[in-house]
Amino acid sequence: MAALLLLPLLLLLPLLLLKLHLWTQLRWLAADLAFTVRALRCKRTLQARALAAAAADPESPEAGCSLAWRLAQLAQQRPTHTFLIHGARRFSYAEAERESNRIARAFLRARAWDQGPGGGSRAAERLCAGDPAAGSSAALAECADDGVGRGEGTVAPLTPGATVALLLPASPEFLWLWFGLAKAGLCTAFVPTALRRGPLLHCLRSCSARALVLAPEFLESLRPDLPALRAMGLHLWTTGPETHVSGIRDFLTEAAAEVDEPVPGYLSAPQNITDTCLYIFTSGTTGLPKAARISHLKILQCQGFYQLCGVHQEDVIYLALPLYHMSGSLLGIVGCMGIGATVVLKSKFSAGQFWEDCQEHGVTVFQYIGELCRYLVNQPPSKAEHGHKVRLAVGSGLRPDTWGRFVRRFGPLQVLETYGLTEGNVATFNYTGQRGAVGRASWLYKHIFPFSLIRYDVTTGEPVRDAQGRCMATTPGEPGLLIAPVNQQSPFLGYAGGSELTQGKLLMDVFRPGDVFFNSGDLLVCDDQGFLRFHDRTGDTFRWKGENVATTEVAEVFEALDFLQEVNVYGVTVPGQEGRAGMAALVLRPPHALDLVQLYTHVSENLPPYAWPRFLRLQVFVLPSLGINFSSPDRGAPYGLHGVGRRLERTGDTW
């Protein structure tokens, strides 16, 4: 009887909570708690791995950097388990360990370090690094007889910690080189494969690269750049024998002659876990790409990505994203290694082949960017899209309309949308599957991964501060700038180069005197249920084809053309397309005419394809006899011409 009396009260409880504005938060409490428990377990796992590496014998591979010791662990714990599938090739974790060991030894030879047959010592290594205490005649001889002495002229030997740039498509060789460089105590720089000429040289200089390893298929397009690359004193290698260019050797052939035994862990063990071990280039708001510093700590943290997403070691992950991006390399590859799973790696994404690949390899997890999901839902129906095993799609940039179509057509499956930045110290996970959201702002989540949304003035481009000079938090439904506290656990390393590159990325005295926060540059909205949704990007950037485009970089390329007087570049929405396409508003320099052939040649040589504007907006011609002047190519009124006592307007040409 008592239970019957309590039943109506229990039924009314949700309504009471709703009226008190608590139900909207409490209804997701179970999901918030489950993710919190998963995150705490992940942190404990990563901490235990780091402590084990620190306590390991310095001569053992388990004592190396986070990437090296994790691969060594997997080679021991799951030696025969398939790590990588690429086309018809399959590699186990033990095979990945052996391949990267050969690469490491080949790079160590270029460092004048050789512990194999024939000698070698730490003395030679220290000498090449500039340690005069190691100046024995034997060590001097080893430094002189390194990999450089075999036909590279005056190119200096690699030194410990030197940066080697990779210009390669997504492939097993990319991974073996990256892992081998890490084991050899060298930094890696991931260069976007579309870069040539000025942007390419800028990237190599900005990270102080001492060597470049490139794919043979890129050699033809790089021929105009070879004199400049040689002038920089770079070691130049390819990953195949299909080259007859003087001074460029096949690195893989050299590595194949090395033994596949592990290298000592002390070679790659960092002095500090926040030391830089990798450079990933990201488009900034002030021109050319910036080399974001990636630390050993971030590599370690990314090992927990797929664990946070609920992926298990028996899952098969489909990865068709560029490895020179963080999403492909750190989240896709390192995240897979974190759980010891299998990854199906594609050099290029094919919407028509996707479901057949999933069927063939038993794919259970798909890592996406929103553009890929749109390609899939726009494909004609196929038999392969039914009966697949894909249960989870993880990624970012999925629009709500595409999200709905994707799940209805290819479900049942879960979509887990995430948000993060290459150089950032904050990430969000939409672990509830709420359509259109990029994460949660529950107090539980913010306790583990702290962040805030603050008011932002889009006119001034600055956070709004109160009378005391402190920033103000937003209210539900109000767009706000995403920021995260900078501390020892969540550092911001900035970019290679001068301190001016980090200008604006750090905010001081945000909520109290002396505090420091990372400025994401993105506006998000938190609704009354605690869900985060992406709103807009601040600064002069837009996103197209999964890439960030800096409008200033594009404008500077256009302004180098002598027939252009003014240029304004901005992103415009295109129906049915993700992100924004580039629009260039142009003012001609009198008396020049628009030379489309020269413009196309110049742009295609100096900008990667994703940064090419898809539209040109031509301003009206100069009419000095009428006293008419050009207006600036303003995105609000691009065709306005202001004369004396009159206003003329002309429809612009777009193509």
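Residues numbered from 1 in each chain as written. Predicted model: local features only at pLDDT ≥ 70, side-chain atom pairs only at ≥ 80, totals over all residues. Heavy atoms only, no water.

1. Notes on the nonpolar core
- Counting residues in each nonpolar core, the largest one holds 156 residues, and the members touching the most others are Phe83, Phe107, Leu175, Trp178 and Phe366.
- If sequence neighbours within four positions are ignored, phenylalanine 107 has contacts with Leu158, Val164, Leu177, Leu181, Ala184, Leu186, Val213, Trp237 and Phe251.
- Among the nonpolar cores identified, the runner-up in size contains 23 residues, and Ala555, Leu561, Leu599 and Leu607 belong to it. (Core = buried A, V, L, I, M, F, W, Y, C linked by side-chain atoms within 4.5 Å. Buried < 20%, exposed > 50% of the residue type's maximum accessible area, 1.4 Å probe, protein only. Contact = heavy atoms within 4.5 Å.)

2. Topic: the packing of aromatic side chains
- Under the definition given, this model contains 30 aromatic pairs.
- For the ring pair phenylalanine 83 and phenylalanine 179, a centre distance of 6.5 Å and an interplane angle of 35 degrees mean the geometry is tilted. Pair noted here: phenylalanine 83 is in strand E1 (residues 82–86) and phenylalanine 179 is in helix H8 (residues 172–183), with a separation of 96 residues, a long-range link. Accessibility classification places phenylalanine 83 together with phenylalanine 179 in one group, the buried group. (Phe/Tyr/Trp six-rings, centres within 6.5 Å; stacked < 30°, edge-to-face > 60°. Helix = DSSP H or I, 4+ residues; strand = E, 2+ residues; numbered from the N terminus.)

3. Looking at a nonpolar patch on the surface
- Together, Leu26, Leu29 and Leu33 give the surface a local cluster of nonpolar side chains, amounting to about 230 Å² of exposed area.
- Tracing the backbone through its elements, the reader meets leucine 33 in helix H3 (residues 29–55).
- Residue leucine 33 is classed as partly exposed on the basis of its relative accessible area, which comes to 42%. (Patch = residues over 30% accessible without salt bridge, like charges linked within 9 Å, V, L, I, M, F, W, Y side chains within 5 Å. Areas by Shrake-Rupley, 256 points an atom, 1.4 Å probe, with all protein chains shown as cover. Salt bridge = Lys/Arg side-chain N within 4 Å of Asp/Glu carboxyl O.)

4. What about unusual backbone geometry?
- Omega for the peptide link from glycine 411 to proline 412 comes to 5 degrees, which places this bond in the cis form.
- Inspection of the secondary structure puts proline 412 in the loop between helix H18 (400–410) and strand E14 (414–420).
- Of note, the amide linkage connecting proline 590 to proline 591 takes the cis form, showing an omega dihedral of 0 degrees.
- Relative to the helices and strands, proline 591 is located in the loop between strand E27 (581–588) and helix H21 (596–606).
- The phi dihedral of arginine 197 falls on the positive side, at around 55 degrees, and the residue is not glycine.

5. Details of the environment of glutamine 468
- As for its position among the elements, glutamine 468 is in the loop between strand E19 (462–463) and strand E20 (480–485).
- Using a relative accessible area of 61% as the deciding quantity, one classes glutamine 468 as exposed.
- C-alpha separation for the pair glutamine 468 and arginine 512, spaced 44 residues apart in sequence, amounts to 9.8 Å.

6. As for the pairing of strand E5 (residues 209–214)
- In terms of burial, E5 is largely enclosed, as 5 of its 6 residues are buried.
- Sheet topology places strand E3 (residues 163–167) next to E5; 5 bridges connect them, and they run parallel. In the strand pairing of E5, threonine 163 is matched with alanine 209.
- Pairing analysis gives 4 bridges linking E5 to strand E6 (residues 235–238), with the strands arranged parallel. Bridge assignment links leucine 212 to a residue of E6, and that residue is leucine 236. (Pairing = 2+ DSSP bridges.)

7. Here's the deal with the sheet that holds E5
- Read across the open sheet, the 7 strands follow the order E7-E6-E5-E3-E4-E8-E9; overall the sheet is mixed. Only two strands of the sheet have a single partner each, and these edge strands are strand E7 (249–250) and strand E9 (290–295).
- Relative to strand E4 (residues 187–190), E3 runs parallel, the two sharing 4 bridges. Directly across from alanine 165, in E4, lies its bridge partner alanine 189.
- Most of the contacts of helix H15 (residues 326–339) go to strand E8 (residues 276–282), to which it runs at about 140 degrees, and overall it touches E4, E8 and E9. (Axes fitted to C-alpha atoms, helices over the stretch in contact; angles between N-to-C directions.)

8. Remarks on the packing of helix H4 (residues 66–77) against H15
- Two elements in contact, H4 and H15, have axes whose closest approach is 10 Å; the angle formed by their N-to-C orientations is 45 degrees. With respect to each other, H4 and H15 are oriented oblique. Between H4 and H15 the crossing geometry is left-handed. Judged by residue contacts, Leu67, Arg70, Leu71 and Leu74 of H4 engage Val334, Met337, Gly338 and Ile339 from H15.
- Partitioned by chemical class, the residues of the contact of H4 with H15 number 6 nonpolar, 1 polar and 1 charged. (Parallel < 35°, antiparallel > 145°, perpendicular 65-115°, else oblique. Left-handed = near helix turned anticlockwise from the far one by under 90°. Nonpolar A, V, L, I, M, F, W, Y, C, P; charged D, E, K, R; others polar.)

9. Side note on the pairing of strand E24 (residues 541–544)
- As paired strands, E24 and strand E25 (residues 547–550) are joined by 4 bridges and run antiparallel to one another. Along E25, the bridge assignment pairs threonine 541 with alanine 550.
- Linking E24 to E25, which pair antiparallel, is a turn of 2 residues; within it lysine 545 sits at a positive phi near 55 degrees.

10. Quick look at the packing of H4 against helix H5 (residues 93–110)
- Direction vectors running N to C along H4 and H5 enclose 135 degrees, while the axes themselves pass 8 Å from each other. Considering their axes alone, H4 and H5 lie oblique with respect to each other. Judged by the twist between their axes, the crossing of H4 over H5 is left-handed. Contact residues: Leu71, Ala72, Leu74 and Ala75 in H4; Tyr93, Ala94, Ala96, Glu97 and Ser100 in H5.
- Here the residues of the contact of H4 with H5 sort into 7 nonpolar, 1 polar and 1 charged.

11. Things to note about H21
- If you check which residues of H21 are buried, you get Leu599, His602 and Val603. Buried positions in H21, seen along its axis, are confined to an arc of 95 degrees and lie on one side of it. Summarising the geometry of H21, the exposed residues directed more than 90 degrees from the buried face are Val597 and Tyr600.
- Tucked inside the fold, the buried residues of H21 contact helix H20 (551–559), E27 and strand E28 (615–618).
- Looking at where H21 begins, the residue whose side-chain oxygen comes 3.2 Å from the main-chain nitrogen of valine 597 is aspartate 595. (Arc of directions from axis to C-beta. Polar contact = N/O pair within 3.5 Å; in protein donor to acceptor, adjacent residues only side chain to side chain.)

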